[in-house]
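For reference, the chains in residue letters:
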Amino acid sequence: MFEQVTAYLGDPIFSLVEQFHNDPNDAKVNLSIGLYYNEQGKIPQLASVKQALSVIQTEQLKKPSLYLPMEGLPAYRSAVLPLIFGKDHPCLLENRVAFAQTLGGSGALKIGADFLHNYYANATVWVSDPTWENHKDIFAGAGFKLKSYPYFDSTTLRVDCKAMLAAIEQAAPQDIILLHPCCHNPTGADITPQQWDTLIPILQQKQLIPFLDMAYQGLGKGLNEDAYAIRAMAKAGLTLLVANSFSKIFSLYGERIGALSVVCEANETAERVQGQLKATIRRNYSSPPTLGAQIVSRVLTEDKLIQTWLQDVEQMRVRINSMRQMLANKLLTLGVSQVEHLTQQQGMFSYTGFNKEQITRLRTNYSIYLLDSGRMCVAGLTNDNIDKIAQAFAALQK
Ligand code: LMR
């Protein structure tokens, strides 16, 4: 019956993690998947999450575990929307955002893609070149044609915004433009608020549908700064979709907790879109799990917990940036001159510019794991492993 089933070639990120786990070298370093490690090289449980969990678990002992509504925990919606859009954003005051709790950011992309495909099956989805490996599969899996717009200039290791805008101008009305509002995955190279302001009228005039994927809010410049593009687009009256994730910024990878927001032109449209999101969820997985949503809503709405969480996020951002700076300094000392990109790029990732052969040498000779594309997860650098990494990087360039 299944003779014709072809072998799965593996996922470029998850398969590499398996390879890392199978590496017997005690000094191996995982700079592949997007995981935040603390100074001790451990994936932390955030102080805010720990405090919220202790209350939730005690309460939970007294209650049966029921199904959540299709669109998720009601308290989650009111906790998350202000974080994304800012508390007094007109789209919230006018009640024109449809919203659903999703299985992480990937779940939000999938529900958004399925929803869009019901109405714009002939649209092309435009993704940045390069983009997160899974973006293409999620949208192609939902039935869309894909194209890419130029994004990263591999000689300057920065965004080529002019080429990006010129390509997006070529999109057809109702095409879907996938954008990273902050901490671009995989390059770490972001566009500026002024550049977003130049893109917005193009999206508007060409009647394009922006879909913004924000998995790292707070790890770039700050929680509000990182949401600039989303807030500006919604303010300009665009209809847009936002996928966001709490995997990294709550260190809650396994709870699969994220959200999909669809900003509509009017409340009445948002209500209908809300209904269709529920229908899309029901036919995918019926309703989402509870715990992640309970944690996030409690942390974001209780005064003491939110203060602790703000510190948690700040700590992660500061540590990532100090590792970027430290690596740049060490490489300079070792005679590597092109290091500016390390401190200019933002968030968890950095495109190193290493080619496939160099990446293989890093794995074979040093047990340092980066993605084949040259993406490094900067959040895996620590005081303990940074010397070894700097030396290996410098040796590659000799
Ligand atoms: C990554 O890009 O490494 C993360 O977003 C994890 C994943 O699901 O790929």
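To be clear, the structure that these remarks concern was listed above.
Reading the values: rules and limits
- Every chain begins its residue count from 1, and numbering advances along the sequence as written.
- Only residues with pLDDT of at least 70 get local features here, since the model is predicted, and only at 80 or more are side-chain atom pairs given and counted; chain-wide, interface and lining totals rely on the full set of residues.
- Side-chain measures here rest on the full set of heavy atoms in the structure, leaving out hydrogens and waters.
- Being paired, for any two strands, means DSSP has found at least two bridges between them.
- Each helix is a run of H or I in the DSSP string that is no shorter than four residues. Each strand is a run of E no shorter than two, and both are numbered from the N terminus.
- Note on method: axes are straight lines fitted to C-alpha atoms, helices fitted across the in-contact stretch only, with angles between N-to-C directions ranging 0 to 180 degrees.
- A contact between two residues is defined here by any heavy atoms of the two lying within 4.5 Å.
- Only protein chains enter the accessibility calculation, which uses a 1.4 Å probe. A residue is then buried if its area is under 20% of the maximum for its type, exposed if over 50%, and partly exposed in between.
- Aromatic pairing here means that ring centres of Phe, Tyr or Trp (its six-membered ring) are within 6.5 Å. Orientation follows from the plane angle: under 30 degrees is stacked, over 60 is edge-to-face, and everything else is tilted.
- Criterion for a charge above a ring: Arg CZ or Lys NZ at most 6 Å from the ring centre, at most 35 degrees from the ring normal.
- Note that the arc is defined by the directions from the helix axis to the C-beta atoms.
- Any residue with a heavy atom lying within 4 Å of a molecule or strand is counted as near it.
- Identification of polar contacts relies on pairs of N or O atoms within 3.5 Å, with a donor-acceptor requirement for protein atoms, meaning one able to donate a hydrogen and the other able to accept it, and with residues adjacent in sequence counted only if both atoms are side-chain atoms.
- We call Asp, Glu, Lys and Arg charged. Ala, Val, Leu, Ile, Met, Phe, Trp, Tyr, Cys and Pro are nonpolar, and the rest, Gly among them, are polar.
- Here a crossover is taken to be right-handed if, once the strands point away from the viewer, the path from the first strand over the helix to the second is traced clockwise.
- Patches were defined on residues exceeding 30% relative accessible area and lacking a salt bridge, with like-charge contacts within 9 Å and nonpolar side-chain contacts (Val, Leu, Ile, Met, Phe, Trp, Tyr) within 5 Å.
- For every accessible area listed, the method is Shrake-Rupley and the probe measures 1.4 Å; residues are considered covered only by the protein chains on display.
- One speaks of a salt bridge when a side-chain nitrogen belonging to Lys or Arg is within 4 Å of a carboxyl oxygen belonging to Asp or Glu.
- Note: crossing handedness is left-handed where the near helix turns anticlockwise from the far helix by less than a right angle, and right-handed where it turns clockwise.

Comments concerning the sheet that holds strand E8 (residues 209-214)
Within a sheet, each strand pairs with its neighbour through backbone hydrogen bonds, oriented either parallel or antiparallel. Ordered by their spatial adjacency, 7 strands build an open sheet running E2-E10-E9-E8-E7-E3-E4, and the pairing between neighbours is mixed. Looking along the sheet, the strands with just one partner apiece sit at the ends: strand E2 (97-103) and strand E4 (145-150). Pairwise comparison of adjacent strand axes, ignoring direction, gives a mean angle of 20 degrees for this sheet. For strand E3 (residues 124-129) and E4, the ladder comprises 6 bridges, and the chain directions are parallel. Bridging across to E4, Trp126 finds its partner in Lys147. In this fold helix H5 (residues 104-119) packs onto E2, strand E7 (176-179), E8, strand E9 (240-245) and strand E10 (257-263), with an angle of close to 160 degrees to the strand it touches most, E9.

Things to note about the pairing of E9
For E9, the tally of buried residues reaches 6 of 6 residues, placing the bulk of the element in the interior. Residues Leu240, Val242 and Asn244 line one face of E9 and the alternating positions Leu241, Ala243 and Ser245 line the opposite face, and both faces are buried. One ladder, built from 4 bridges, connects E8 with E9; its direction is parallel. Across the sheet, Phe211 pairs through a bridge with Leu241, a residue of E9. Summarising the sheet, E9 and E10 pair through 6 bridges and their orientation is antiparallel. Of the residues in E10, the one forming a bridge with Leu241 is Val262.

Points about the packing of aromatic side chains
By the definition in use, this model includes 11 aromatic pairs. In this structure an aromatic cluster arises from ring pairing among Tyr76, Phe99, Phe246, Phe250 and Trp309. The aromatic ring of Phe20 is capped on one face by Lys28, whose charged end is 4.8 Å from the ring centroid. Between Arg375 and the ring centre of Phe349, over which it is positioned, the NZ or CZ distance is 3.7 Å.

What about helix H6 (residues 133-141)?
Listed as buried for H6 are His135, Ile138 and Phe139. Projected down its long axis, H6 carries its buried residues within an arc of 90 degrees, all on one side. In H6, the exposed residues that point more than 90 degrees away from the buried face are Asp137 and Gly141. Lining the buried residues of H6 we find H5, E3, E4, E7 and E8. Once H6 ends, the next one or two residues include Gly143, with phi positive near 105 degrees.

Some words on the site of the ligand
Near the ligand, the surroundings consist of Ile13, Phe14, Ile33, Gly34, Trp132, Asn185, Tyr216, Lys248, Phe349 and Arg375. A distance of 2.8 Å is found between an oxygen atom of the ligand and a side-chain nitrogen or oxygen belonging to Arg375. Considered class by class, the residues forming the shell around the ligand number 6 nonpolar, 2 polar and 2 charged.

Re the pairing of E8
Burial analysis of E8 places 6 of its 6 residues in the buried class, the great majority of the element. Of the two faces of E8, both are covered, the one formed by Ile209, Phe211 and Asp213 as well as the one formed by Pro210, Leu212 and Met214. Taken together, the 4 bridges between E7 and E8 define a ladder with parallel strand orientation. If you follow Ile176 over to E8, its bridge partner there is Ile209. Viewed along the sheet, the connection from E7 through helix H8 (residues 193-205) into E8 turns out right-handed. What joins E8 to E9 is helix H9 (residues 228-235), and the crossover it makes is right-handed.

Side note on unusual backbone geometry
Cis geometry is found at the peptide bond from Asp129 to Pro130, where omega equals 5 degrees. Take Pro130: it is sitting in the loop between E3 and H6. The omega torsion across Asn185 and Pro186 is 25 degrees, close enough to zero to call that bond cis. Within the secondary structure, Pro186 sits in the loop between E7 and H8.

Topic: the side chain of Ser251
Among the structural elements, Ser251 can be located in the loop between E9 and E10. One polar contact links the side chain of Ser251 to the main-chain carbonyl oxygen of Pro44, over a distance of 2.7 Å. Non-local contacts of Ser251, meaning those with residues more than four positions away in its chain, are made with Ile43, Pro44, Leu46 and Phe246.

Topic: a nonpolar patch on the surface
A surface patch of nonpolar side chains, about 440 Å² in accessible area, is lined by Met1, Phe2 and Val5. For Met1, the position within the fold is in the segment before helix H1 (14-22).

Points about the packing of H8 against H9
H9 packs onto H8 with a crossing angle of 35 degrees between their chain directions and a minimal axis gap of 10 Å. With respect to the hand of their crossing, H8 and H9 are arranged in right-handed fashion. Here H8 contributes Pro193, Trp196, Asp197, Ile200 and Leu203 to the contact with H9, which in turn contributes Tyr228, Ala229, Ala232 and Met233. Grouping the amino acids of the contact of H8 with H9 by side-chain chemistry returns 8 nonpolar, no polar and 1 charged.

Honestly, it's all geometry; don't read function into it.
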